[in-house]
Amino acid sequence: MRWMTERRAAGFDAMTDLPSGVRAALEERFTIGLPEVEARTPSEDGAEKFLFRLADGAKVEAVYIPAPRHRASGSSERVTVCVSSQAGCAVNCAFCVTGRLGAGRNLTAGEILGQYLVVAREKGFGPREANVVFMGMGEPLLNLAQVSRTLDLLEAEVSPRRTTVSTAGVVPGIRELARRDHRPNLAVSLTAAGNALRTKLMPINAQWPVEELFAALEEWPLEPGRRITFEVVLIAGVNDSPAEARALARLVKRVPSKVNLIPLNESAEWLPGLSRPSRESVDAFGSHLASSGVDVTVRWSKGLGAAAACGQLKGRETPGRLLRVPPPSVRS
Ligand code: SAH
Ligand code: SF4
């Protein structure tokens, strides 16, 4: 594994400290390969989307996000790589383009790690220079065996403190992840505080409602100084009212946390009828949270017009796989 991750060996014959019989046996049984880059879409802010074609033709996407500008202290920040864990997603959130693809399939640890390795090779960064976030296509906690293996392998390059797994709220997966020795950061896509609205937006809430989710989050072992991140996708007229902000504030304060507000990335084709709130209502929503004592940041993915933003990843043009699952109805 070290040969492949740290030293980027392209074949078993390069692994000269292994006996030749072992190398031959490996050669017979395994292949070393990285996902093939089918397209790259840079955006003006320096971010870049990579569309990968996997061995069976499945397509997934990863996003490279450059380091923020140097801070006043002069410390240089790390770049971020956002990886996919599944080709599609069965969770079917009403606001998510990936959900429209349907379940797709689980990626292997090699396919997940491979996205990071290719982006590192192409963008020219090395070990300890990146954060990795599992926020691309798919629900990582519905592919926990392979995601867990990826986390193990990634540790050679990226500290768990620099790794974030984002979940729609798969409670058994959260509990299992909590038992790891080296835990990644946890991000939870919350989006609404009440069960009725949350189930409309995220059907998975019917299976693991808000109380069960928070029972698991209250038991999530947080090292001092670490916090859970809540992601809230804001949709105009759906979940952006002051009352919703107050309900969210009450809820998230049950655990040490911060909130990322993500104004909806629209898609006329894939998410008809859903729109991004105005800047004023996003700001007002954020102020309501902040004045209730919640640490809140707004993530405008504006530079990612090339559909590289969160929830816009759809591994387009996947032949025979484009299911177009109808979204759950949000306004009824
Ligand atoms: N399945 C995991 C991780 C992938 S989704 C999860 O749901 O957390 C990554 C993030 O993109 C989630 O926070 C999700 O809420 C957000 N997202 C999905 N669709 C979006 C959209 N249309 N606009 C903005 N963010 C979106
Ligand atoms: Fe799946 Fe996450 Fe999209 Fe929901 S938001 S459909 S869980 S990828």
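Just above, that's the structure.
Residues numbered from 1 in each chain as written. Chains lettered and ligands numbered in written order. Predicted model: local features only at pLDDT ≥ 70, side-chain atom pairs only at ≥ 80, totals over all residues. Heavy atoms only, no water.

(A) Quick peek at helix α5 (residues 171–178). Where α5 is concerned, the buried positions are Val 171, Gly 173, Ile 174, Leu 177 and Ala 178. The buried residues of α5 occupy an angular sector of 160° when the element is viewed end-on, so they sit on one face. Those residues of α5 hidden inside the fold are in contact with α4 (144–154), β8 (163–167), β9 (185–189) and α8 (210–219). (Buried < 20%, exposed > 50% of the residue type's maximum accessible area, 1.4 Å probe, protein only. Helix = DSSP H or I, 4+ residues; strand = E, 2+ residues; numbered from the N terminus. Arc of directions from axis to C-beta. Contact = heavy atoms within 4.5 Å.)

(B) Main features of the layout of surface pockets. For the second largest pocket, the calculated volume is near 850 Å³. As for the second largest pocket, its lining consists of 26 residues, and the residues nearest its centre are Thr 31, Ile 32, Gly 33, Leu 34 and Gly 110. Of the residues that constitute the lining of the second largest pocket, the class distribution is 16 nonpolar, five polar and five charged. (1 Å grid on protein atoms, 1.4 Å probe; cavity = no way out; pocket = protein on both sides within 12 Å on 5 of 7 lines; lining within 4 Å. Points joined across faces, edges and corners; volume = space filled by probe spheres on them. Nonpolar A, V, L, I, M, F, W, Y, C, P; charged D, E, K, R; others polar.)

(C) Broad picture of the pattern of salt bridges. Summed over all chains, the structure comprises 18 salt bridges. With its nearest N and O atoms 2.6 Å apart, the salt bridge here joins Glu 48 to Arg 40. Judged by its relative accessible area of 7%, Glu 48 falls in the buried class. Note that Arg 226 is salt-bridged to Glu 223, the shortest N-O span being 2.3 Å. Look at the salt bridges and you will find they share partners, linking Arg 40, Glu 48, Arg 121, Glu 122 and Lys 123 into a network. (Salt bridge = Lys/Arg side-chain N within 4 Å of Asp/Glu carboxyl O.)

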